[in-house]
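Inside the fold
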Amino acid sequence: MCGIIGISSNKPVSTIILNSLKKLEYRGYDSAGLATIHKGFINEIKCEGRVNNLEKNVLTSKSDGLIGIGHVRWATHGAANTINAHPHSSEKVSVVHNGIIENVTILKKHLINNGHKFKSQTDTEVIVHLITEYLKTNNIKNTITKVLNKLHGSFALGIIFTDHPDLLVGARRGSPLAVGYGPNENYLGSDSYALKSMTNKITYLDDGDFCILRKDKVDFYNSEGVIINKKILELSKEDIDINKGDFKHFMAKEIAEQPNTINACIKEYINKLNNELSIFNFPWKKEDFNKIILIGCGTAYHACVIAKYWFEKLTNLEVDVDIASEFRYRNNRFRKDNLYVFVSQSGETADTHAALDLCNKNKMKTCAIVNVVESSIARDAQFVLPIHCGQEIGVASTKAFLGQMLVLYLITLKISKIRNEINDLQYANKICQLKELPELILKTLKTETKISSLSETFSNAKGSMFLGRGHSYPVALEGALKLKELSYIHAEGYPAGEMKHGPLALIEEGMPVVVIAPRDDHYEKTMSNMQEVIARGAKVLLITNKSSDEIKFDNLWEKIEVETSSIDLMPFLLTIPLQNLAYYSALTLGHDIDKPRNLAKSVTVE
Ligand code: F6R
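Rules behind the numbers
The residue numbers shown here count from 1 along each chain, following its written sequence. Local features in this predicted model are restricted to residues whose pLDDT is 70 or higher, and side-chain atom pairs enter the listing and the counts only when it is 80 or higher, whereas totals over whole chains, interfaces and linings include all residues. The basis for every side-chain value is the complete set of non-hydrogen atoms in the structure, without hydrogens or water. Simply put, an axis is a line fit to the C-alpha atoms, just over the touching stretch for a helix, and the angle between two N-to-C directions goes from 0 to 180 degrees. Secondary structure is summarised from DSSP: a helix means a run of H or I of at least four residues, a strand means a run of E of at least two, and numbering begins at the N terminus for each. Here is the rule for angles: anything less than 35 degrees is roughly parallel, anything more than 145 is roughly antiparallel, 65 through 115 is roughly perpendicular, and the remaining ranges are oblique. Two helices crossing with the near one rotated counterclockwise from the far one by less than a right angle form a left-handed crossing, whereas a clockwise rotation gives a right-handed crossing. The contact definition used throughout considers only heavy atoms, calling two residues in contact when any of these lie within 4.5 Å. Side-chain classes are defined by residue name, with Ala, Val, Leu, Ile, Met, Phe, Trp, Tyr, Cys and Pro counting as nonpolar, Asp, Glu, Lys and Arg as charged, and the others, Gly among them, as polar. Only protein chains enter the area calculation, which uses a 1.4 Å probe; residues under 20% of their type maximum are buried, those over 50% are exposed, and those in between are partly exposed. Pairs of N or O atoms are called polar contacts if they sit within 3.5 Å, as long as, within protein, a hydrogen donor faces a hydrogen acceptor (for residues adjacent in sequence, only side-chain-to-side-chain pairs). How far a helix is expected to stretch is found by multiplying one less than its residue total by 1.5 Å. Taken from the helix axis, the directions to the C-beta atoms give the arc we talk about. Note that a disulfide, as used here, is simply two cysteine sulfur atoms within 2.5 Å. Pairing of aromatic side chains here covers Phe, Tyr and the six-membered ring of Trp, requires ring centres within 6.5 Å, and sorts the geometry by plane angle: under 30 degrees stacked, over 60 edge-to-face, intermediate tilted. A ring is considered to have a charge above it if a Lys NZ or an Arg CZ atom is located within 6 Å of its centre and within 35 degrees of its normal.

Overview of the packing of helix α14 (residues 424–444) against helix α18 (residues 570–589)
Across the interface, α14 lies against α18 with an axial gap of 10 Å and an inter-helix angle of 25 degrees. For the element pair α14 / α18, the angle class is roughly parallel. Between α14 and α18 lies a crossing of right-handed hand. Contacts from Leu437, Leu440, Ile441 and Thr444 in α14 reach Phe572, Leu573, Ile576 and Pro577 in α18. Taken together, the residues of the contact of α14 with α18 break down into seven nonpolar, one polar and no charged.

Notes on the environment of Ser547
Looking at the element boundaries, Ser547 is found in the loop between β24 (539–545) and β25 (558–562). The class for Ser547 is partly exposed, based on a relative accessible area of 30%. Along the backbone, Ser547 and Tyr329 are 218 residues apart, and their C-alpha atoms lie at a distance of 46 Å. Here Asp549 takes part through its side chain, which lies 2.6 Å from a polar atom of the side chain of Ser547.

Quick word on helix α15 (residues 448–459)
Note on helix geometry: an α-helix contains 3.6 residues per turn, so any two residues three or four positions apart are oriented the same way. For α15, spanning twelve residues, the distance from its first C-alpha to its last is 16 Å, which sits close to the expected 16 Å at 1.5 Å a residue. Along α15, the residues that are buried comprise Ile451, Leu454, Ser455, Phe458 and Ser459. Along α15, the residues classed as buried sweep out an arc of 155 degrees about the axis, all on the same side. Set apart from the buried face of α15 by more than 90 degrees, the exposed residues are Thr449 and Ser453.

Structural notes on the state of the cysteines
Per the counting criterion, the structure on display carries zero disulfides. Distance from the sulfur of Cys297, which forms no disulfide, to the nearest cysteine sulfur (Cys304) is 9.3 Å. Judged by relative accessible area, which is 24%, Cys297 ranks as partly exposed.

As for unusual backbone geometry
Going from His86 to Pro87, the amide bond is cis rather than trans, its omega being -5 degrees. At His388, a residue that is not glycine, the phi angle is positive and equals roughly 50 degrees. Relative to the assigned elements, His388 resides in the loop between β20 (383–386) and α13 (399–418). The class for His388 is partly exposed, based on a relative accessible area of 29%. Here Asn420, not a glycine, exhibits a phi torsion of approximately 55 degrees, which is positive. Within the element layout of this structure, Asn420 appears in the loop between α13 and α14. You can call Asn420 exposed: its relative accessible area is 58%.

Things to note about the packing of aromatic side chains
All chains considered together, the criterion is met by eleven aromatic pairs. Ring geometry for Trp284 against Phe383: centres 6.1 Å apart, planes inclined by 80 degrees, an arrangement best described as edge-to-face. Of this pair, Trp284 sits in the loop between α8 (258–269) and β16 (291–296) while Phe383 sits in strand β20; the two residues are 99 residues apart in sequence, bridging distant segments of the chain. Summarising the burial analysis for this pair, Trp284 and Phe383 share the class buried. Look at Tyr583 and Tyr584: their rings are 5.0 Å apart centre to centre, the planes differ by 90 degrees, and that puts the pair in the edge-to-face class. There is no split in this pair, since Tyr583 and Tyr584 are both buried. In textbook terms, an aromatic cluster arises when at least three aromatic residues are bridged by ring pairs, as seen for Phe282, Trp284 and Phe383. Over the ring of Tyr204 we find Arg379, and its NZ or CZ is 4.1 Å from the ring centre. Positioned over the ring face of Tyr427 is Lys417, at 4.3 Å from the centre of the ring.

Now the structure itself:
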């Protein structure tokens, strides 16, 4: 988390930095700040909270410079206040940092013993003091090489120097960093989104690299300080639509976009003429793997859990699902016939990236399903499948979740096909069913009016439960996650059949419980579990699909019916009312829907 930006130009840079920080704000909004070099001095402007709070001070500031750095913070070391806001500066250097310095205690102790005084509680400030110290006896390149070698942990850094007002240093280990090239100016940014309005020419720094950037030239170095050549990539010029349009929030827009994003993704992967899946260059043959391991965090992990049901139904593969932060520290069995699939919207999630790294180091087969195709995870996986859903700005993932499920389903079909575990007719039917999905999602979005009228009950509750069986269980997990992250009210997703083993004790008179039960093989069993919670006073909202045989239940509080697809595809439709339930509950409570407290869109720290 945290976003950094840096610019060296032939014109004043503060407003350019400010505008880029607005684009990076999805990475953190605990504080914002920028620094420029003006008449030989560092001019720092920073504030607690959002970039908007910074804007007034920047626009009225009389000192602007031709070189500068900026930062949006997601707090790790030290409270979210102005003192801990970046940049952090000495008289000679100013630094912005995304990441965590793990050996901060020892470094700080040493610096304090040598007379350095610290102003903040951040880990970043040790970098400022280290650079200041090394600069006394080294040139810029040697200073940076030595300082980076002293740091443990992860970082993307932007650094400016009063004695060298023409240059800006960028460095990365673990956290992402890109360099952009413009007319008479060059840029640093945490991601290409922040730079895209200025340039489509980008170089990504690899782990351990640093660069010395001037307005007309950029030199790259490896961790030993040896100059290296880097490729300049031309990103697609398509303008990123980051307007809310007529919607109040990005989340509302992103929910509404889902018929289109799913349609776009289907078009990318299903050949219109022959109904074949066009997953080109799939690098592995059927005998290459016997086990698939699906790995992600949060919502992406939920998409993986759903896919486990599909893989087990449509293939004979052994399937595991893992949370990246657990996987990376376990004693895994790396077998040569394992295929690892990493799912990540941002492609920058630190734990997912570390899990991918671990698999790469163990020479495993690795595949990434990402939204951001320029991301670190996309670059480091052996095979990449984009979800093609466009930039997702709302911190709570919605359209990316559906996109992740779609690509996981497509790859299930692809693998099932290459292993001859699905016959041609079944395969063709499943492709046809997929093509109907955008229309079914569109129709299901009409449940919004009813779900919005029910949301107040959830926002007034102390807590709620979401229950499901089969692949509706991970849908329940996702529904609960969305509600808690947006409404800040406890919500728990649970397998419906597990309630009697403990959680039934939570049920009390009037507690809202969402039961997710499409008309599949689990329906009757889930209905029994539903009766058990109704009997204990729960206010049950049943989410099921339309069916010709209407079943009436006594004491059921409310029912929402989504459209009916094939059983496999029901998770797509059942998710829609859950997204709106979370949205409207948070709206009733007046929460910041696109930027829920304590969270950030791109989780680049572990
Ligand atoms: C929840 C949410 C998070 C992310 C998780 C992984 O709404 O968005 O749980 O799914 O942080 O992020 P990515 O997919 O970028 O790896």
